[in-house]
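The chain contents come next:
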Amino acid sequence: MNILSLFQNVFAPPRDLILIILAAWVGLTLSEKRAPLHRVNLDSLSNLLLVSMIGFVVSGRVLYALENLSIFAQSPASIFSLNTDLFDQWSGLAIAVVTAFAYGRRAHLPLWPSLDTLTPLFATLAIGIAFSHLASGLAFGKETNVPWAIDQWGALRHPTQIYEIIASILTLVLILIQKPIAKPGFEFLLFVALTSASRLVIEGFRGDSTLILGGFRAAQIAAWLILFAALASIDYQKRLGHEKE
Amino acid sequence: MILLTGLVWIFISADRTNSATAGRIPAPQKGFLAPEFKLETSDSQSISLTDYRGKAVLVNLWATWCPPCRTEMPIIEKVYQGYQDQGLIVLGVNSTNQDDPTAVTPFVKQYGITFPILLDVNGEAASLYELRSLPTSFFIGRDGIIKEVVVGSMSEALLRANIEEIIK
């Protein structure tokens, strides 16, 4: 049994969630350490995370139940089920963002420094998600004959999960070596730019892409648009800084 | 320059022949063709997955000693009774190679299971479906493609939600 098989056996779903929880713990520790550098109130930021996490969990489950109302009407107790599959993660995430934004305004947390403080958490979570993809076999690559191909789902494939791990670790390193005195929002925007750029590249090697007209990969187009917005924002910040000087 | 390179890469890596999408080869993953297997029931009746091509099939891998399997088995039976008329097929594949074969029949009687229970004596199905945890359920659509994989015990709502997707 090679290392990859051993890793996949140890962290086979649903145990792959351990990797994400571990990443969240490391990320929170890193973010807490950087909070004073960004002059952000740590207690308020911890409360913001707690409130948005509750928003994520509750709304993700409730919205899933509303989408499948006839099913939950037959077994109402399932609303409290421990099955993580009974969950609308995108709606939950949207509500979590709105909740975090509303709480941040109420607690007078500055937007950009708060996002900068949380950036190590986001970057570490991205690493955890990449490792969970490797464990579960999700986000797999397309068939290839490259020497470093891995045998997965009945074919030799690009190890896109490993590409994802490498890219996300490099992103975290680049974030952590930034001087915290950089302009507010720069660390967050850099994270967004690097993450979308790596997705843009890696998606081209994926074997499970959602294709749109002409065989174009939907995620690549979304990643390009996000990269454009992040680079434009960084450029705008830079110009604003020069004008002030 | 970065954005231009990105656009070029999007164009180069476009999958015009849809070759990147799964489904053409058998693999135990969502989006792929469900791997074929042929197993026997405890009364020596041979059942193959190909017998049910064109039907919505739930393949549930389980063992008598596994507590989550014991939890979900009555739920599967209850839901199966409700969807049987709509063409749902449930195949309960007992991981006999890691179970006590003499415990299977009493288990089936105890839980009043009416869907076919197949005995995976040599671990053939477990190997084909890369079984890592018990129970594991594969929801297979009428086209033979796996629509969902659920590892661990399922609640009634999750079971119904996935069945609704495959009987469409």
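Residues numbered from 1 in each chain as written. Chains lettered and ligands numbered in written order. Predicted model: local features only at pLDDT ≥ 70, side-chain atom pairs only at ≥ 80, totals over all residues. Heavy atoms only, no water.

Let us now look at the overall build of chain B. Broken down by element type, chain B carries five helices and seven strands. Looking at chain B as a whole, 53% of its 168 residues are labelled buried. In chain B, 71% of the contacts between residues at least 6 apart in sequence involve partners at least 24 apart. Summed over all atoms, the accessible surface of chain B reaches about 7500 Å², with 55% contributed by carbon and sulfur. (Helix = DSSP H or I, 4+ residues; strand = E, 2+ residues; numbered from the N terminus. Buried < 20%, exposed > 50% of the residue type's maximum accessible area, 1.4 Å probe, protein only. Contact = heavy atoms within 4.5 Å. Areas by Shrake-Rupley, 256 points an atom, 1.4 Å probe, with all protein chains shown as cover.)

Turning to the domain arrangement of chain A, a few remarks are in order. Residue and element names in this part refer to chain A. According to the domain assignment, chain A contains domain 1 (1-30 + 111-240) and domain 2 (41-109). The straight-line distance from the C-alpha centre of domain 1 to that of domain 2 is 23 Å. Between domain 1 and domain 2, the residue contacts involve seven residues of the former and six residues of the latter. Taken together, the two surfaces of domain 1 and domain 2 that pack against each other cover about 480 Å², and 83% of this comes from carbon and sulfur. When the buried area of domain 1 at its contact with domain 2 is split by residue, Leu-111, Ser-114 and Leu-118 rank highest and sum to 65% of it. Joining domain 1 to domain 2, the criterion identifies zero salt bridges. Between domain 1 and domain 2 we count one residue pair in polar contact (both at pLDDT 80 or more) in total. At the level of elements, helix 2 (17-34) and helix 6 (111-136) are the ones that each hand at least two residues to the side of domain 1 that touches domain 2. Ranked by the residues each element gives to the side of domain 1 that touches domain 2, the list is headed by helix 6, at five residues. (Domains from an automatic or database assignment. Buried area = accessible area lost by both parts, 1.4 Å probe. Salt bridge = Lys/Arg side-chain N within 4 Å of Asp/Glu carboxyl O. Polar contact = N/O pair within 3.5 Å; in protein donor to acceptor, adjacent residues only side chain to side chain.)

On to a nonpolar patch on the surface, then. Among the surface-exposed residues, Leu50(A), Met53(A), Ile54(A), Val57(A), Val58(A), Val62(A), Leu66(A) and Leu69(A) lie close enough to one another that they form a single nonpolar patch of about 740 Å² accessible area. Looking at the nonpolar patch, the element that brings in the most residues is helix 3 (residues 42-67) of chain A, giving seven residues. (Patch = residues over 30% accessible without salt bridge, like charges linked within 9 Å, V, L, I, M, F, W, Y side chains within 5 Å.)

All names here are of chain B. Of all the five residues making up strand 6 (residues 136-140), five are buried; the element is thus mostly covered by neighbouring parts of the structure. Both faces of strand 6 are covered, namely the face carrying Thr-136, Phe-138 and Ile-140 and the face carrying Ser-137 and Phe-139. Across five bridges, the pairing between strand 3 (residues 57-62) and strand 6 is antiparallel. The residue of strand 6 that forms the bridge with Val-57 is Ile-140. Relative to strand 7 (residues 146-151), strand 6 runs antiparallel, the two sharing five bridges. Within the sheet, the bridge partner assigned to Ile-140 lies in strand 7 and is Ile-146. Connecting the antiparallel pair strand 6 and strand 7 is a turn made up of five residues, with Gly-144 showing a positive phi of about 85°. (Pairing = 2+ DSSP bridges.)

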